Amino acid sequence: PAEVVPQAPEDPLFGLMRAYKADESPNKVDLGIGAYRDDNAKPWVLPVVKKADEILRNDPEANHEYLPIAGLASLTSKAAELLLGTSAPALAEKRTASVQTISGTGAVHLGALFLAKFYKIQGANRTVYVSNPTWANHHQIFTNVGLPIATYPYFNKETKGLDFEGMKAALAAAPDGSVILLHACAHNPTGVDPTPEQWRELVSLMRAKKHFPFFDTAYQGFASGDLDRDAGAIRLFVEEGFELVIAQSFAKNFGLYGERAGCFHYVASPSADAAELTTRVASQLAILQRSEISNPPIYGARIASIVLNDSALFAEWQENLRTMSGRIIDMRKQLRGKLEELGTPGTWNHITDQIGMFSFTGLNETQVLKLRTDYHIYMTKNGRVSMAGLNTRNVGYVAAAIDKVVRE
Ligand code: LMR
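Just so you know, these numbers come straight off a predicted model, no measurement behind them.

(A) Expanded view of unusual backbone geometry. Here the bond from Asn132 into Pro133 is cis, since omega is 5°, no more than 30 degrees from zero. Mapped onto the fold, Pro133 is located in the loop between β3 (128-132) and α6 (136-144). Residue Pro189 is reached from Asn188 by a cis peptide bond, and omega for that bond is 15°. Looking at the element boundaries, Pro189 is found in the loop between β7 (179-183) and α8 (196-208). The phi torsion at Ser294 lies on the positive side, around 65°, for a residue other than glycine. You can see Ser294 is positioned in the loop between α11 (274-292) and α12 (299-308).

(B) Representation of the domain arrangement of the protein in the model. Domain boundaries assigned for the protein yield domain 1 (11-45 + 326-407) and domain 2 (73-309). Domain 1 and domain 2 are separated by 29 Å when their C-alpha centres are compared. Counting residues at the interface gives 20 residues for domain 1, matched by 20 residues for domain 2. Of all the elements in the fold, those that place two or more residues in the side of domain 1 that touches domain 2 are α1 (12-22), α14 (349-353) and β11 (358-360). In the side of domain 1 that touches domain 2, the residues fall into 10 nonpolar, 8 polar and 2 charged.

(C) How the structure looks around the environment of Val99. With respect to the helices and strands, the residue Val99 is situated in strand β2 (residues 96-102). Discounting chain neighbours no more than four positions away, the residues touching Val99 are Ala70, Gly71, Thr76, Leu110, Cys263, Phe264, Leu285 and Gln289.

(D) Molecular detail of the site of the ligand. The full set of residues close to the ligand is Leu13, Ile33, Gly34, Trp135, Asn137 and Asn188. For the shell around the ligand, the per-class residue count stands at 3 nonpolar, 3 polar and no charged. If you count residues domain by domain, the shell around the ligand takes at least three from each of domain 1 (11-45 + 326-407) and domain 2 (73-309).

(E) Quick peek at the sheet that holds β3. Read from one edge to the other, the open sheet built from 7 strands follows the order β2-β10-β9-β8-β7-β3-β4, with strand pairing classed as mixed. A strand with exactly one partner marks an edge of an open sheet, and here the two such strands are β2 and β4 (149-153). Adjacent strand axes in the sheet meet at a mean angle of 25°, parallel and antiparallel pairs treated alike. As defined by bridge partners, β7 adjoins strand β8 (residues 212-217) across 5 bridges and the pair is classed as parallel.

(F) Geometry of helix α10 (residues 232-239). Of all the residues in α10, the buried ones are Ala233, Ile234, Phe237 and Val238. Around the axis of α10, the buried residues are gathered within 135° of arc, so they sit on the same side. Elements in contact with the buried residues of α10: α3 (73-84), α4 (89-92), α8, β8, β9 (244-249) and β10 (261-267). The positive-phi residue at the C-terminal boundary of α10 is Gly241, with phi of around 85°.

Scoring rules and cut-offs
In every chain, residue numbers begin from 1 and rise along the written sequence. Restriction of local features to residues with pLDDT of at least 70 applies here, the model being predicted, together with a cutoff of 80 or more for giving and counting side-chain atom pairs; totals for whole chains, interfaces and linings are based on all residues. Going along the chain from the N terminus, every DSSP run of H or I of four or more residues is numbered as a helix, and every run of E of two or more is numbered as a strand. Segmentation of the chain into domains, including their bounds, is taken from an automatic or database domain assignment. Each residue gets a C-beta atom placed from its backbone, and two residues are in contact if those atoms lie within 7 Å. Here the nonpolar group is Ala, Val, Leu, Ile, Met, Phe, Trp, Tyr, Cys and Pro; Asp, Glu, Lys and Arg are the charged ones; every other residue, Gly included, is treated as polar. As a rule, any residue with its backbone-derived C-beta atom within 6 Å of a molecule or strand is reported as near that molecule or strand. Here, a strand pair is defined by DSSP locating no fewer than two bridges between the strands. Axis lines are fitted to C-alpha atoms, over the contacting stretch for helices. Their N-to-C directions set the angle, which ranges from 0 to 180 degrees. Exposure criterion: with C-beta atoms placed from backbone coordinates, a residue whose C-beta has 20 or more other C-beta atoms within 10 Å is buried, one with 12 or fewer is exposed, and one in between is partly exposed. Of all possible arcs, the one meant is that of the directions from the helix axis to the C-beta atoms.

Next up, the structure:
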């Protein structure tokens, strides 16, 4: 069968990472993948994760047995609380089903698979609407399970902020009952989020259109530095009674990238039979999970669970999150300040207006490629910068290089 298999292109993001690693320049700067780096451009193992690891190592009960199909219950229950709030009626009313997944990618995939199998019974439109732009992987995850993709406008190139009018017009024009993928906070790749007022408008619009929200949350704690506030959009939709799903990643906020810890959550609308519907959904998610991965990986799940179930460690985790988000905010200020000092043509306020891991700089593909070949600075072709790749040593070099390519 290989004769009919065409050569696929390399994944752009991991291809970029490979090119960066192969670059021997001492000046090279990695602004590619969305992974936190400390001020020495090194991966940062969160101190709280080190502590949890120590606890795990000393646990005489720990072994390498299989987890249940739905994963580690002490993780999934706390993961749901983290998103919905500990006193959420949806939890008390048993309207939520949570399944541990292969991080955020696995959660989006499980949700996509579930919708591909069951969303048709509502006779609704099966197209999934994603923001333009969105995390590149969204496109292939949904199309791989046979769900067509359409986009809604999101980024305003002039203001480098939200194209809220464009977004609303597209959601209003989409057929009733469409699946709408929303980034809960710290939008990837733009770093632009709706305001609380705009989220409320989206609630009204999506309710009128009977749209189905599919939240992706990979940066809780990175947007505002506050876990509750970063879950605000999800909580609003749940409080407003929407039936919805959530893909949750612990890769970034725990720094557990390679451990693949995450969860998928289903939330039913309040109704007399909501708990029963939820049990049925959970039973189907278990079937899908079993056929895909049987059961999820245990190590990262235990680390996150230890932290989420201990109030002192939880407080320390919040402190670690503030360290990461605080350093990123500082780098935003420094990059903007240096570009403004240099008088680099254009406006640069969007660098500090945007939030989370990324800044959508507005640099075009030619400029991005020039930065790569001439200055050994690596960012994705759409001009997205992973802010955590900047540090006190390289931010001046990066600003000077951006200044040069913008002037050319
Ligand atoms: C990113 O967008 O850089 C991260 O989410 C990593 C990934 O898997 O794409």
